[in-house]
Protein chains: 6
Amino acid sequence: MAKIGLFVGSFDPLHNGHVDVLTRAATLFDTLIVGVADNPAKNALFTLDARIQQLTDTLAADNLRVVSFDSGKLTAKLADEMGATALVRSVRNAADLELEKRLAFYNRQLTGIETVILLAKPELEFVTSTHIKELARFHGDITPYVPAAIAQKMKEIYEN
Amino acid sequence: MAKIGLFVGSFDPLHNGHVDVLTRAATLFDTLIVGVADNPAKNALFTLDARIQQLTDTLAADNLRVVSFDSGKLTAKLADEMGATALVRSVRNAADLELEKRLAFYNRQLTGIETVILLAKPELEFVTSTHIKELARFHGDITPYVPAAIAQKMKEIYEN
Amino acid sequence: MAKIGLFVGSFDPLHNGHVDVLTRAATLFDTLIVGVADNPAKNALFTLDARIQQLTDTLAADNLRVVSFDSGKLTAKLADEMGATALVRSVRNAADLELEKRLAFYNRQLTGIETVILLAKPELEFVTSTHIKELARFHGDITPYVPAAIAQKMKEIYEN
Amino acid sequence: MAKIGLFVGSFDPLHNGHVDVLTRAATLFDTLIVGVADNPAKNALFTLDARIQQLTDTLAADNLRVVSFDSGKLTAKLADEMGATALVRSVRNAADLELEKRLAFYNRQLTGIETVILLAKPELEFVTSTHIKELARFHGDITPYVPAAIAQKMKEIYEN
Amino acid sequence: MAKIGLFVGSFDPLHNGHVDVLTRAATLFDTLIVGVADNPAKNALFTLDARIQQLTDTLAADNLRVVSFDSGKLTAKLADEMGATALVRSVRNAADLELEKRLAFYNRQLTGIETVILLAKPELEFVTSTHIKELARFHGDITPYVPAAIAQKMKEIYEN
Amino acid sequence: MAKIGLFVGSFDPLHNGHVDVLTRAATLFDTLIVGVADNPAKNALFTLDARIQQLTDTLAADNLRVVSFDSGKLTAKLADEMGATALVRSVRNAADLELEKRLAFYNRQLTGIETVILLAKPELEFVTSTHIKELARFHGDITPYVPAAIAQKMKEIYEN
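Each value, and the rule that gives it
- Residues numbered from 1 in each chain as written.
- Chains lettered and ligands numbered in written order.
- Predicted model: local features only at pLDDT ≥ 70, side-chain atom pairs only at ≥ 80, totals over all residues.
- Heavy atoms only, no water.
- Helix = DSSP H or I, 4+ residues; strand = E, 2+ residues; numbered from the N terminus.
- Rg over C-alpha atoms; globule rule 2.2 N^0.38 Å.
- Least-squares fit on C-alpha atoms with pLDDT ≥ 70 in both.
- Contact = heavy atoms within 4.5 Å.
- Buried area = accessible area lost by both parts, 1.4 Å probe.
- Salt bridge = Lys/Arg side-chain N within 4 Å of Asp/Glu carboxyl O.
- Polar contact = N/O pair within 3.5 Å; in protein donor to acceptor, adjacent residues only side chain to side chain.
- Nonpolar A, V, L, I, M, F, W, Y, C, P; charged D, E, K, R; others polar.
- Phe/Tyr/Trp six-rings, centres within 6.5 Å; stacked < 30°, edge-to-face > 60°.
- Buried < 20%, exposed > 50% of the residue type's maximum accessible area, 1.4 Å probe, protein only.
- Expected span 1.5 Å × (residues − 1).
- Pairing = 2+ DSSP bridges.
- Right-handed = clockwise from strand over helix to strand, strands pointing away.

Peer 1: Tell me what's going on with the overall build of chain A, and back it up with residues and numbers.
Peer 2: Summing up its helical and strand segments, chain A has six helices and five strands in all. Listed N to C, the secondary structure of chain A is β-α-β-α-β-α-β-α-β-α-α in terms of helices and strands. The C-alpha radius of gyration of chain A comes to 16 Å, within 12% of the 15 Å expected for a compact globule of 160 residues. Projected onto the principal axes, the alpha-carbon positions of chain A cover approximately 45 × 30 × 30 Å.

Peer 1: Tell me about the relation of the copies chain B and chain A, and name the residues and values.
Peer 2: Expressed as a screw transformation, the operator carrying chain B onto chain A has a rotation angle of 180° and an axial translation of 0.0 Å, and the superposed copies differ by an RMSD of 0.0 Å. Both copies are brought into coincidence by an operation consistent with a two-fold rotation axis.

Peer 1: Which residues make up the interface of chain B and chain A, and what are the values?
Peer 2: Of the residues lining the interface, 28 residues belong to chain B; the matching set on chain A comes to 28 residues. For the chain B and chain A pair, buried surface summed over both sides reaches about 2,300 Å², with 63% attributable to carbon and sulfur atoms. If you look at where chain B meets chain A, you find four salt bridges. Linking Glu125 of chain B and Lys101 of chain A is a salt bridge whose minimum nitrogen-to-oxygen distance equals 3.6 Å. Across the contact surface, chain B and chain A share seven residue pairs in polar contact (both at pLDDT 80 or more).

Peer 1: An account of the relation of the copies chain E and chain A is requested, with residue identities and associated values reported.
Peer 2: The second copy of the chain is related to the first by a rotation about an axis and a shift along the axis. Superposition record for chain E on chain A: RMSD 0.0 Å, screw rotation 120°, translation along axis 0.0 Å. Such a combination of rotation and displacement between the chain copies is what one expects of a three-fold axis. Taking C-alpha positions as the reference, the residue of chain E nearest the rotation axis is Ala95 of chain E, at 4.7 Å.

Peer 1: Could you give an account of the interface of chain E and chain A, with specific residues and numbers?
Peer 2: Listed per partner, the contact involves 12 residues of chain E and 14 residues of chain A. In this assembly, chain E packs against chain A so that about 1,100 Å² is buried in total across both faces, 66% of it on carbon and sulfur atoms. Among the residues of chain E in contact with chain A, Arg102, Phe105 and Tyr106 of chain E are the three that bury the most area, contributing 45% of the side total. Applying the counting criterion to the chain E and chain A interface returns zero salt bridges. Counting across the interface, chain E meets chain A through four residue pairs in polar contact (both at pLDDT 80 or more). Top contributing element to the side of chain E that touches chain A by residue count: helix α4 (residues 94–111) of chain E, with seven residues. For the side of chain E that touches chain A, the per-class residue count stands at four nonpolar, three polar and five charged.

Peer 1: Give me the lowdown on the packing of aromatic side chains, citing residues and values where you can.
Peer 2: This model, assessed by the stated rule, comprises 30 aromatic pairs over all chains. Relative to Tyr145 of chain C, the ring of Tyr106 of chain A lies with its centre 5.4 Å away and its plane at 75°, an arrangement referred to as edge-to-face. Taken as a pair, Tyr106 of chain A in helix α4 (residues 94–111) and Tyr145 of chain C in the loop between α5 (129–137) and α6 (148–159) lie in two separate chains rather than in one. Owing to a relative accessible area of 8%, Tyr106 of chain A belongs among the buried residues under this scheme. Three or more aromatic residues joined by ring pairs make a cluster, and in this case those are Phe105 and Tyr106 of chain A together with Phe126 and Tyr145 of chain C.

Peer 1: Any details on the pattern of salt bridges? Residues and values, ideally.
Peer 2: One side chain can pair with another of opposite charge once the charged atoms of both are near each other. Under the definition given, this model contains 60 salt bridges over all chains. As a salt-bridge pair, Arg24 of chain D and Glu114 of chain C come within 2.9 Å of each other at their nearest N and O atoms. With Arg24 of chain D in helix α1 (residues 16–26) and Glu114 of chain C in strand β5 (residues 114–119), this pair bridges two chains. Pair check on accessibility: Arg24 of chain D and Glu114 of chain C agree, each one buried. A salt bridge links Arg92 of chain D to Asp96 of chain D; its shortest N-O distance comes to 3.2 Å. By relative accessible area, which is 14% here, Asp96 of chain D ends up buried.

Peer 1: Lay out α4 of chain E in plain terms, naming residues and giving numbers.
Peer 2: All names here are of chain E. The terminal C-alpha atoms of α4 lie 26 Å apart, and with 18 residues this matches the ideal 26 Å at 1.5 Å per residue to within 8%. Among all positions of α4, only Asp96, Leu97, Glu100, Lys101, Ala104, Phe105, Tyr106, Asn107 and Arg108 are buried. Two or three places before Ala95, at the opening of α4, Asn93 has a side-chain oxygen 3.2 Å from that residue's backbone nitrogen.

Peer 1: Lay out the pairing of strand β2 (residues 31–38) of chain D with the relevant residues and their values.
Peer 2: Residues and elements named next belong to chain D. Counting buried residues along β2, six of its eight residues qualify, which places the element largely inside the surrounding structure. Where strand β1 (residues 4–9) lies against β2, six bridges are found, and the strand directions are parallel. Note on β2: the bridge partner recorded for Ile4 is Thr31. Taken together, β1, α1 and β2 constitute a β-α-β crossover, and its handedness is right-handed. Looking at chain direction, β2 and strand β3 (residues 64–70) are connected through seven bridges and run parallel.

Peer 1: Lay out the environment of Lys3 of chain B with the relevant residues and their values.
Peer 2: Summarising the element assignment, Lys3 of chain B is placed in the segment before β1 (4–9). Expressed as a C-alpha distance, the spacing of Lys3 of chain B and Thr31 of chain B, which sit 28 residues apart in the sequence, is 6.6 Å. What Lys3 of chain B contacts, discounting residues up to four positions off in sequence, is Thr27, Leu28, Phe29 and Asp30 of chain A together with Phe29, Asp30, Thr31 and Thr85 of chain B. Side-chain polar atoms of Lys3 of chain B contact the backbone oxygen of Thr27 of chain A, separated by 3.0 Å.

Peer 1: Just give me the short version of unusual backbone geometry, but keep the residues and values in it.
Peer 2: Cis geometry marks the peptide bond from Asp12 of chain D to Pro13 of chain D, where omega comes out at 5°. Even without a glycine there, the phi angle at His139 of chain B is positive, about 65°. Within the secondary structure layout, His139 of chain B lies in the loop between α5 (129–137) and α6 (148–159).

And the structure:
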């Protein structure tokens, strides 16, 4: 039976930490589905379509499938519909771990879905979408943290 | 390409936490190799052969392969020889996480091997071989923590 | 002198983690007072009266006294008025511990009141009112986490 | 029914952190039993009798009972024999908490005994028998951390 | 070359934890600059001018320079303009540490500025501006935590 | 008055994490004293003289002074004799922080000495002397973690 992983996120913006963990996760499964949250209530920097395009443009693995999902749906149910073998999550520190233990507990109880954790690389541990946006808002240099095309787009957005 | 996981341990004794995590890990890979440490210097409760037999007798998944390995060998090199896609590890708490971050860092640097973390179920979080042996030494009841046949064997050992 | 414990909370809803810790706490004191927060500003799922009734209906210990308290009052002062020997709190993890250390510090300084910590059982560690409400909102199954009558009431509320 | 707490330790030496937590614990129970570990294998600084005497001399609470216990016995079984309502433990930090969660889990499973945690006062958080002995060995000043009579005795011991 | 430290904060209100850490930090540098955040959007208890005056009145070290800064500016850039050798930060616990690791990472990448951590004294670990304001709002006694003049002013504010 | 930092360690072997933190620490003080532990009881890989030489050869900062010290002496007293303004320590994670809080507490109480913490860079967080020696013993590649000359020497040692 094909092994299918599901990694969900907002990817707003996609950053080098995402790229690293998705590239590594893709080696673990026959197919890795990347679910991009469609959350109209959250004021996203990039549109859903732009984020899907950025993922497709950036990621090289050929067993990736990028899909959108309604953020009002439980991840465990999404995994069920997709026939996923496991949810894939990235953990950086003890606070992340506590969150993931709770999410894994509820997701297992809901549909029996397994959760697989990858550890963020130390040098990417502090790279998060939230901090990158904050940095861009202050006109700090974000090029070490995001793919070049996205850095360029963000520069344009925050300069206006 | 076949996805192969490698889970190493001493399994001295095999306990319900092991059984749970190995059963779950087996669903994630085409083959899950269980490596049993051969460490003559460490005064093991059960012989290497007994531990291999206990794993084989207890685990139901049909894609498991139980092998012994020389504990004087780096796990990353063992994974390389076995053609493993990833090491599988179980994490219970923040202290475990720190250890696994360090191990994953060195293993990735040594051979590029990926590490995959499964989270221990909360109700099995405190079940470890060390505590079970301590409990048995004090003639406490270990039947809730280990497979029945192993509990029986340990009772015999510690009663003498 | 009678030993009196005080456990305060919102109990919105009362869940199995509460039931376990209150049952255990009741064995430690001559009387255990359960203080239910009356916080009109917070948009509670159940009314104050309903929550008091649910506690009374669910808990079997006969040395419990369920009272309401104004959430605009310092807990240490409530304990003082009630003649409590100690505040009772439940801790699950390191983040809880940090919070409780701070609360215990201020409460001791305010009135000298002692704080007693009980540890949540591992299998109930992730059961919180917040997550149960979130689960119910997504129409997930909450029956493993709350008393049956409350699960039924919540199902009715979230189905409308 | 009388509420009886049991606090066990080596008290080698008794220090101000012990005195604080025992004094506070004594207010919570009708009787607080202080169990002093008799562990001939461990090379103690003070004899069992000296440690019992020091506890009796130092502690003012009149509902304390100081007893020795064989350190080769499970604490949960000692509590059972003593008719204790609960074990009392002191916690300083996250590492302590992990240890206590595991101990409480096994003790509850062994005999159903409850564990009650008191939080060390911040200013006493770093005061441990191990560090006091290390300090004394280097001829550092230990008088801020232990009762005066014990500081005097330790000074004599380490000067020779 | 002169060694210059920069410590930034809101100091709303200045409390004994601040006073302790600033006094200790002043011994480490030829000059310690204390940057007071000017954040009109945040509804401060004391005006910027009042907070600067309180710092000047309270702190005895003669190598301190108190300045205001626009909270819309990155701290690393402020440090650059001021010719600071290092940012100085105070850490109490593991949660603080995670935050500081991330801040130090970004600040180093932005301008190469070094971050120096001082550890809060245990007995001041729970003293924060947020908790002092909460305590004052409930008419609790804040005199153990803030300089006398500030305690007096806060009492007047919250009594009205 | 000159600002003098003191950083003590075994440096057995000196690794890239040491080099980074010493280089950064040297910018904070007029003089940074590097104290190398002379501990004959501990079976060191390199002799005291070799370690001092390696530090001198590797570190470029011209305000460093490398000295040996008797590991049987309290660090706080060494700092006192050296006229140090502060002890400098490196912290990687929560476990390190707990240790440093305790050490800083005792050192401050012994002689009033201040402790200054630098945060290890994330990519060097797992580089420790213990792990490098373990890696070398297994004939793993240590060149990413230690200065080239030391890597060469260690290779020779462990090949024999």
